[in-house]
Amino acid sequence: MSEQAAPVPSRAVEVDAGDRFREECGICAIFGHPEAANLAYLGLYALQHRGQESAGICSSDGETIHTRKGMGLVSEIFGEHELQQLTGHMAIGHTRYSTAGDVGSRNAQPFYVECNKGALAVAHNGNLTNGHALRGAIEKSGSIFHATSDTEVIPHLMARSTEQTLDTALRESLLELEGAYSLVLLSTNQIIVARDQRGFRPLAYGTMQHKGRTVHVFASETCAFDLIGAKYQGEVEPGEMVIVTDRGVTRQRFAPALKPSQCAFEHVYFSRPDSIVFGRSVHKSREALGRILAQESPVEADCVVPVPDSGNAAALGFAQESGIPFSIGLIRNHYVGRTFIEPKQSIRNFGVKLKLNPVNHLVAGKRVVLVDDSLVRGTTSRKIVGIMRDAGATEVHLRISCPPTIASCYYGVDTPDKDELIANRMTVEEIREHTGADSLAYLSLQGLKQAVGDNNGGRYCYSCYTGSYPTDLVDVEQFVQDHRQKDTAENTIAWRSRPSA
């Protein structure tokens, strides 16, 4: 009998992870519709870009909270059978990419608990900068945590509160939190949503009609409203808590609003261009990013090519301002998952080519302005510049529609350690040499402020571009350690075996 060859380990490599901040989380809530869970499911579909690690929905029929969550995409977790089990006229949903806590189903949200305040479920977008300190104090008193996500701190604080009602217990708990949070909470008979005092992460409010009654809807982005036919009514304000019951809607402040710190990167990259975020059109902001970039860093060229999809609007703005023709010179494969199996033999730029492919005749013999939304580590940008040259571009001028990223985010965005950020350790000229571009220019910080309608710099958080943070960073060392452990866990999970040929 011949000896069979052992399976050859092949690493499942994440697609296009090098030059992007990773997504964060998306939340939604529905109150007053007999198919609330179905609407939450559609809302999560629209918010899938904010997290592809796990998803979950909890619904209530007025007596019982029903829960379904798991690892993977929304379409992989919820089918007709699962949605039929999620009965009731109110529901909350969450789609996750972890920024605090490890990778695994135990950290999938919403979290469901039964405590002295009754049955409740909570989902959260953001990062609690004092979450580890709070958890340590709670654990010392004897409480047991089932997950590693900072979100689990919230129901523990509520259970420990001496306040008797759910809303007052939540209010007391929120006053202990530091950092960024937009959250949705479900009990058997109400939904409560809240946003931190600085408004780091978005949370929009909308309504729709069903049989003459008003349905109340909340979501991270308004693209979720568009899918289900809800109308955008405005934002949940920083420091505000909104309580929705069968008796109506109550809006109240649990704390005064502080100096606004809305995440500028929502408009640069994270949010869908068809959304309204922080009361402003994302597409409008991105076109303005490109126009101002063209004013600040003009170049003679034959065509403007976006790095799809998040670079599309900025490239369009650059082309309109510069008068250089806009060209779809890169095509994105939208059917690539988050990981792929690396081939046995090395293929140059394989990972990027799997996701992006040039339209050769549009760039061959041309001087190309390549517009991207960000440049984080520099690895993917270098490969894309190489792809453009392989396709026959005579010159490649790289334009980035945000300032150099020099610092990590601790407010709900999964970012590399500071020492991994190429702009933190190289000059612009050194980065240009690294990427192989003929020229490289970033948008200025003032240009970014102008593009998002924040000329005086009083509304947005720019910490990743300045290294100046609006809050005390209580748990930074622990946050960095958890981040490194999570990356190690992801790399371990990514290894797979396959039969030999």
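Residues numbered from 1 in each chain as written. Predicted model: local features only at pLDDT ≥ 70, side-chain atom pairs only at ≥ 80, totals over all residues. Heavy atoms only, no water.

A.B. asks: Explain the overall build of the protein chain to me, please; I cannot follow it from the model alone.
C.D. replies: A count of helical and extended segments in the protein chain gives 18 helices and 26 strands. Every one of the 501 residues in the protein chain was classed for burial, and the buried ones make up 57%. For the protein chain, contacts bridging at least 24 residues in sequence account for 71% of all contacts bridging at least 6. Within the structure as shown, the protein chain displays about 20,300 Å² of accessible surface, and the carbon and sulfur contribution to it stands at 49%. (Helix = DSSP H or I, 4+ residues; strand = E, 2+ residues; numbered from the N terminus. Buried < 20%, exposed > 50% of the residue type's maximum accessible area, 1.4 Å probe, protein only. Contact = heavy atoms within 4.5 Å. Areas by Shrake-Rupley, 256 points an atom, 1.4 Å probe, with all protein chains shown as cover.)

A.B. asks: When you look at the state of the cysteines in this model, what are you seeing that I'm missing?
C.D. replies: Note: disulfide means a covalent bond formed between the sulfur atoms of two cysteine side chains. The tally for this structure, following the rule as stated, stands at zero disulfides. With no disulfide of its own, C461 has C409 as its nearest cysteine by sulfur position, at a separation of 6.5 Å. In this model C464 remains outside any disulfide bridge; the closest cysteine sulfur is found in C409, 6.6 Å from its own. (Disulfide = S-S within 2.5 Å.)

A.B. asks: Explanation requested: the side chain of Q197 in the structure shown.
C.D. replies: By the secondary structure assignment, Q197 is in the loop between strand 9 (191-195) and strand 10 (204-210). Within the local environment of Q197, its side chain forms a polar contact with the backbone oxygen of P256, the two atoms lying 2.8 Å apart. Setting aside anything within four residues of it in sequence, one finds Q197 in contact with P238, G239, F254, A255, P256, A257 and L258. (Polar contact = N/O pair within 3.5 Å; in protein donor to acceptor, adjacent residues only side chain to side chain.)

A.B. asks: Would you mind showing me how to read the confidence of the model for the protein chain here?
C.D. replies: The predicted structure's coordinates, where accompanied by low pLDDT, should not be read in detail. Mean pLDDT over the protein chain stands at 87; residues scoring 70 or higher make up 85%. In this model residues 1-18 is a low-confidence stretch, pLDDT under 50, and it forms 47 contacts with partners more than four residues away in sequence or in other chains. (pLDDT = per-residue confidence, 0-100.)

A.B. asks: Would you take a moment to explain a nonpolar patch on the surface for this structure?
C.D. replies: Taken together, L42, Y45 and L227 make up a surface patch of nonpolar side chains, about 260 Å² in accessible area. Within the secondary structure, L42 is located in helix 1 (residues 36-46). The class of L42 is partly exposed, set by a relative accessible area of 31%. (Patch = residues over 30% accessible without salt bridge, like charges linked within 9 Å, V, L, I, M, F, W, Y side chains within 5 Å. Salt bridge = Lys/Arg side-chain N within 4 Å of Asp/Glu carboxyl O.)

A.B. asks: Any chance you could explain the environment of E430 here in plain terms?
C.D. replies: Tracing the backbone shows E430 in helix 15 (residues 428-435). It is 9.9 Å that separates the C-alpha atoms of E430 and L440, two residues lying 10 residues apart in sequence.

A.B. asks: Help me out: how do you make sense of the sheet that holds strand 2 (residues 25-31) in this one?
C.D. replies: As a general point, the strands of a sheet are linked pairwise by backbone hydrogen bonds and lie either parallel or antiparallel. Strand order in the open sheet made by the seven strands is 4-3-5-2-11-10-12, with antiparallel pairing throughout. A strand with exactly one partner marks an edge of an open sheet, and here the two such strands are strand 4 (65-71) and strand 12 (231-235). Taken pair by pair, the neighbouring strands of this sheet meet at an average axis angle of 15°, ignoring direction. As judged from the four bridges shared by strand 10 and strand 12, these two strands associate in the antiparallel manner. By the bridge assignment, G206 is partnered in strand 12 with Y232. (Pairing = 2+ DSSP bridges. Axes fitted to C-alpha atoms, helices over the stretch in contact; angles between N-to-C directions.)

A.B. asks: When you look at unusual backbone geometry in this model, what are you seeing that I'm missing?
C.D. replies: The phi angle of most residues is negative, glycine excepted, and most peptide bonds adopt the trans form. P110 follows Q109 through a cis peptide bond whose omega is 5°. Along the chain, P110 falls in the loop between strand 5 (90-96) and strand 6 (111-115). Going from P308 to D309, the amide bond is cis rather than trans, its omega being -5°. In the Ramachandran plot, K211 falls in the positive-phi region, its phi being about 55° despite a non-glycine side chain. You can see K211 is positioned in the loop between strand 10 and strand 11 (213-219). Taking relative accessible area as the criterion, K211 reaches 78% and is therefore assigned exposed. Unusually for a residue other than glycine, F278 sits at a positive phi of about 55°. Structurally, F278 is set in the loop between strand 16 (276-277) and strand 17 (280-281). The buried category is assigned to F278, whose relative accessible area is 6%.

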